[in-house]
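Now for the letters of each chain:
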Amino acid sequence: VQLQASGGGLVQAGGSLRLSCTTSGYIFSLSAMGWYRQAPGKQRELVAAISRGGRSNYTESVKGRFTASRDNAKNTVYLQMNSLKPEDTGVYYCNSEPPAWSGLVPAWGQGTLVTVSS
């Protein structure tokens, strides 16, 4: 299973970025999708998750600033990040979480670096 994440970059505080993650149609159609980040020297944390039906939830620190969405026709999940802060800096990973009954295992993208300068 391959997930391709893109959209990271360098942005000033207060700016915006949109991350994208694409996988195969079969995997995508079955899976909840997640965005995680790993800041330097810290553990990977869940930032946002979006269900198959499009329901999303967020870690407290990004609520009101980040929005996860999915385009089922394009097999792509997005993370729109607004009002970025230096503490949002890190490598962002997308993740697929298929249901247990599918026999598939969770998979990870390669990560895309987001750097927010102050």
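Our subject in this report is the structure included herewith. Keep in mind that this is a model prediction, so the values were computed, not measured. (Residues numbered from 1 in each chain as written. Predicted model: local features only at pLDDT ≥ 70, side-chain atom pairs only at ≥ 80, totals over all residues. Heavy atoms only, no water.)

1. With respect to the sheet that holds strand β8 (residues 76-81)
And then number 1: Ordered in space as β1-β3-β8-β7, the four strands form an open sheet in which the pairing is antiparallel. In this open sheet, the two edge strands, each paired with only one partner strand, are β1 (4-6) and β7 (66-71). When strand polarity is set aside, the average angle formed by the axes of neighbouring strands in this sheet is 15 degrees.
And then number 2: Pairing of β7 with β8, which is carried by six bridges, proceeds in the antiparallel orientation. Bridged to Ser69 within β8 is Tyr78. (Pairing = 2+ DSSP bridges. Helix = DSSP H or I, 4+ residues; strand = E, 2+ residues; numbered from the N terminus. Axes fitted to C-alpha atoms, helices over the stretch in contact; angles between N-to-C directions.)

2. Remarks on the pattern of salt bridges
And then number 1: Summed over all chains, the structure comprises four salt bridges.
And then number 2: Across the salt bridge formed by Arg37 and Glu45, the nearest N and O atoms sit 2.8 Å from each other.
And then number 3: Judged by its relative accessible area of 5%, Arg37 is buried.
And then number 4: Assessed through its relative accessible area of 30%, Glu45 is described here as partly exposed.
And then number 5: Measuring nitrogen to oxygen at the nearest pair gives 2.9 Å for the salt bridge that ties Arg37 to Asp88. Of this pair, Arg37 sits in strand β4 (residues 32-38) while Asp88 sits in the loop between β8 and β9 (90-97), placing them 51 residues apart in sequence.
And then number 6: By relative accessible area, which is 0% here, Asp88 ends up buried.
And then number 7: Within the structure, one salt-bridge network assembled from shared partners comprises Arg37, Glu45, Arg65 and Asp88. (Salt bridge = Lys/Arg side-chain N within 4 Å of Asp/Glu carboxyl O. Buried < 20%, exposed > 50% of the residue type's maximum accessible area, 1.4 Å probe, protein only.)

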